[in-house]
Amino acid sequence: MSEHAISAVDLGLEFPTRDGKIEALQQINLEVESGEFIALIGPSGCGKTTFLRIVAALEKPTSGVIRVNGLSPEEARKARSYGYVFQAAGLYPWRSIAANVRLPLEVMGFDRRERDDRVRHALDLVGLSGFEKQFPWQLSGGMQQRASIARALCFDADILLMDEPFGALDEIVRDHLNEQLLALWQKTGKTVGFVTHSIPEAVYLASRIVVMSPRPGRITAVIENDLPTERPLEIRDSSEFIAIAQKVRHALRAGGDAHD
Amino acid sequence: MIKVTALVLPVTTVVLAIIGIWYLFAFSLNSQWAEDQAARAGVELTATELWAATMSQDRPRLATPHQVAAELWDTTINKKVTSKRSLIFHGWVTLSATLLGFVIGTMLGILLAIGIVHNRAMNLSVMPWAIASQAIPILALAPMIIVVLHSVGLSGLLPKACISAYLSFFPVVVGMVSGFRSPNQMSLDLLDTYAASRPQIFWKLRLPASMPYLFTSLKVGAAASLVGAIVGELPTGAVAGLGARLLVGSYYGQTIQIWSALFAAAALAALLVGLIGLAQKVTLRQMGMAR
């Protein structure tokens, strides 16, 4: 039993296409400590989302070993080890905000009283108290995504997997949500796996940045982010921040294949 | 939403135009008979007399709007609902078979759709049969259904309802299969990450997502049910029901009776579809899906 939140050894995923095999992931070796904020960054096609989906048992690797809290992804799913936040909020339109957040609790069989408490607490964490009875279409895109984060938080998984959760939002909202996410992470001490293609977002949020490159999808660099844990938005103008962002950019360039 | 008042003018215009065209057709189709009658009696008809003669025949080729309206009034308001000459009596006979068949057909359609979505074998096998079932002319099948069911002791409402169900299950299957499959991959993945069971996926995602599809298929199914019930009344010896009115009318050349039965059928269909539309509005609003 390893004590890592996520550990991948020689992980690979290939699938056949008409033009031969495509290696979505090749030789992925990564260990994520409990409580870390890992950002996975790379151009499209580098397999960062695929890796996250393997962790969540939404895809099966074709080689290598992946452990989540020392369990197989399927076991980890049953043990409610992780909450997953998708690119789009994906709230069910026929459910109110509170009912959307309650969805995993209903599926997992929490009793009514505890459900209500947890929903209230999760909505409070993401700053959506008072919006319980609204329907998704009545909320802005940013608020919808916050509700989807509350949905991933409410059953207290200790790993939060986020697949470009703010990719579709405008920059002002995105800044705001980044700030809130960082505060949330510090408050809850969860392990976060965060997929992004934005360098500033990765540097601002993560404690470690995993740089990936495509064809085949692989890890080309892992960059420690030694910025202080207290990170006001203005830190992005500091020379330390810019230096790390440069490192990430160089690693992305070295990975090559960004001809798009 | 378009305001009701904005619809009044265009709708009246269209209705008036249809009535106008109808009168012209009635005149041209009925004038031959009027002229023959006049020739036999050895009289010349003026244009006005000819027009009048085409508007008031007992068995016109094409019944005029006012004749149909008078017949409708006479057979709904002036007759007791228990009378065999009451259109309301016949309408109810047809409606009861329609409703029973509609309920059976809808249930069957939904169950088949659930099977198709959840079971690979059913997915591959049921749909071709369902399509084939609709390719058989119902007019050919209806008498056999009636005869077979009668020989096992079933007669009256149920055989007609079976024919209704036979026609109405199909749009429900097709619509509900689309509806149950309408959730996108992300919505399904989401439930997967909670390790949701298949029943949970059905109740929490597939069923609510299919609601808009359900009501659309119900509207088509209701109209098909009505056709089924009427067709089911034709081979039973035409005792009662709108189908019976149609058949008796055609036996005796009672075109006015045929037309009023047709209008009664159309009114029933409009009523059913309208009620389903209302249920749709209420349900979707309750679910927060109507804006």
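Residues numbered from 1 in each chain as written. Chains lettered and ligands numbered in written order. Predicted model: local features only at pLDDT ≥ 70, side-chain atom pairs only at ≥ 80, totals over all residues. Heavy atoms only, no water.

## Looking at the sheet that holds strand 3 (residues 37-41) of chain A
All names here are of chain A. Across the sheet, six strands lie side by side as 5-6-7-3-8-9; this open sheet has mixed pairing. A strand with exactly one partner marks an edge of an open sheet, and here the two such strands are strand 5 (82-85) and strand 9 (218-224). Each neighbouring strand pair of the sheet contributes to a mean axis angle of 15°, computed without reference to strand direction. Here strand 3 pairs with strand 7 (residues 191-196) via five bridges, running parallel. Bridge pairing in strand 7 places F37 opposite V192. Across the sheet, helix 5 (residues 141-153) lies against strand 5 and strand 6 (159-163), angled at about 165° from strand 5, the strand it touches most. (Pairing = 2+ DSSP bridges. Helix = DSSP H or I, 4+ residues; strand = E, 2+ residues; numbered from the N terminus. Axes fitted to C-alpha atoms, helices over the stretch in contact; angles between N-to-C directions. Contact = heavy atoms within 4.5 Å.)

## Observations concerning unusual backbone geometry
Residues and elements named next belong to chain A. Of note, the amide linkage connecting R215 to P216 takes the cis form, showing an omega dihedral of -10°. The topology assignment puts P216 in the loop between strand 8 (208-213) and strand 9. Positioned with a positive phi, R80 is a non-glycine residue whose angle comes to about 55°. Among the secondary structure elements, R80 is positioned in the loop between helix 2 (73-78) and strand 5.

## With respect to the domain arrangement of chain A
Residue and element names in this part refer to chain A. By domain assignment, chain A separates into domain 1 (4-81 + 158-255) and domain 2 (91-156). For domain 1 versus domain 2, the separation of C-alpha centres amounts to 25 Å. Contact residues are listed per partner, giving 15 residues for domain 1 and 13 residues for domain 2. Counting each side, the surface lost to burial between domain 1 and domain 2 is near 1,100 Å², with a carbon and sulfur contribution of 70%. In this structure, the connection of domain 1 to domain 2 is made through one salt bridge. Between K190 and D156 there is a salt bridge, and its shortest N-O distance comes to 3.5 Å. Counting across the domain 1 and domain 2 interface gives two residue pairs in polar contact (both at pLDDT 80 or more). When residues of the side of domain 1 that touches domain 2 are traced back to their parent elements, those giving at least two are strand 6 and helix 6 (171-188). Taken together, the residues of the side of domain 1 that touches domain 2 sort by class into eight nonpolar, three polar and four charged. (Domains from an automatic or database assignment. Buried area = accessible area lost by both parts, 1.4 Å probe. Salt bridge = Lys/Arg side-chain N within 4 Å of Asp/Glu carboxyl O. Polar contact = N/O pair within 3.5 Å; in protein donor to acceptor, adjacent residues only side chain to side chain. Nonpolar A, V, L, I, M, F, W, Y, C, P; charged D, E, K, R; others polar.)

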